[in-house]
Amino acid sequence: MVNIYHMDIIKCYMITSKFKTFKLLIDNILVSECGYNIEDADEFFNEKYIIFYNFKTIDQYRGKGYSKVLLNNIFDYVKYNLKLNIITLIVYKNNIKALNLYFSSGFEIFMEYDDSYSLIKKL
Ligand SMILES: CC(C)(COP(=O)(O)OP(=O)(O)OC[C@H]1O[C@@H](n2cnc3c(N)ncnc32)[C@H](O)[C@@H]1OP(=O)(O)O)[C@@H](O)C(=O)NCCC(=O)NCCS
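Rules used throughout
- Residues numbered from 1 in each chain as written.
- Predicted model: local features only at pLDDT ≥ 70, side-chain atom pairs only at ≥ 80, totals over all residues.
- Helix = DSSP H or I, 4+ residues; strand = E, 2+ residues; numbered from the N terminus.
- Buried ≥ 20, exposed ≤ 12 C-beta atoms within 10 Å, placed from the backbone.
- Near = placed C-beta within 6 Å.
- Nonpolar A, V, L, I, M, F, W, Y, C, P; charged D, E, K, R; others polar.
- Pairing = 2+ DSSP bridges.
- Right-handed = clockwise from strand over helix to strand, strands pointing away.
- Core = buried A, V, L, I, M, F, W, Y, C linked by C-beta atoms within 7 Å.
- Contact = placed C-beta atoms within 7 Å.

Visitor: Which residues make up the environment of Leu-82, and what values go with them?
Guide: Looking at where Leu-82 falls in the secondary structure, it is placed in the loop between helix H1 (66-81) and strand E6 (86-92). For Leu-82, a count of 15 C-beta atoms within 10 Å gives the class partly exposed. Counting along the chain gives 33 residues from Leu-82 to Tyr-49, while the straight-line C-alpha distance between them is 9.9 Å.

Visitor: How would you sum up the site of the ligand? Please name residues and give values.
Guide: Taken together, 19 residues surround the ligand, and among them Thr-57, Arg-62, Ser-67, Asn-100 and Leu-101 come closest. Elements with a minimum of two residues in the shell around the ligand: strand E5 (49-57), H1 and helix H2 (96-104). Sorting elements by how many residues they give to the shell around the ligand places H2 first, with six residues. Its residues placed into classes, the shell around the ligand shows six nonpolar, eight polar and five charged.

Visitor: Explain the pairing of E5 to me, and be specific about the residues and the numbers.
Guide: With seven bridges joining them, strand E4 (residues 29-39) and E5 adopt antiparallel strand pairing. For Ile-38, the partnering residue across the bridge sits in E5 and is Ile-50. Where E5 meets E6, two bridges bridge the pair, whose relative direction is parallel. Among the inter-strand pairings, Ile-50 is bridged to a residue of E6, identified as Ile-87. Note that the unit made of E5, H1 and E6 has a crossover that is right-handed.

Visitor: I'd like to hear about the nonpolar core, residue by residue, with values.
Guide: Counting 20 residues, the largest nonpolar core has Cys-34, Ile-50, Phe-52, Leu-70, Ile-74 and Ile-87 as its most contacted members. For this core, the secondary-structure elements that each account for two or more residues are strand E3 (21-26), E4, E5, H1, E6 and strand E8 (116-122). The element contributing the most residues to this core is H1, with five residues. Cys-34 has contacts with Thr-21, Phe-22, Phe-52, Phe-55, Leu-70 and Ile-74, leaving out every residue within four places of it along the chain.

Visitor: Let's hear about unusual backbone geometry: which residues, and what values?
Guide: Phi at Asn-54 takes a positive value of approximately 55°, unusual for a residue other than glycine. Its place among the elements puts Asn-54 in strand E5.

Structure (structure tokens):
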């Protein structure tokens, strides 16, 4: 099943499919995407939560603000459509662009590993 969530203001579509990917399409062209899973409550969180993986903007569209557009719309979608409040992800410490993106979007460090961080965003 494919859910299409129409973002009126920016005239883009975010699609969630059985492969659980948020996609930012502009004029039907894939610009940015983010895989995700919905996890059950566990030893870390006592409620269901989202894990992101493989967040990326297609090379030629980088640096134009699209990942932020996608992220902000994901936040709304997760909160109001999926009705979940927590997003987590793992990012390498040397991925400065991604760290800038996540910190400026309100993610915080949840756990620190040798070469990476686990980040959390509470919606
Ligand atoms: C990280 C990535 C998703 C950012 O996508 P993007 O669409 O180019 O990012 P945006 O243009 O929306 O910029 C969003 C923020 O990212 C950061 N950023 C983007 N490009 C940057 C650069 N060249 N240097 C430093 N920070 C940068 C900034 O914080 C920026 O916000 P700002 O412009 O308000 O300062 C993209 O570089 C990418 O796909 N990288 C390869 C895959 C990857 O590493 N994914 C993360 C896995 S955890």
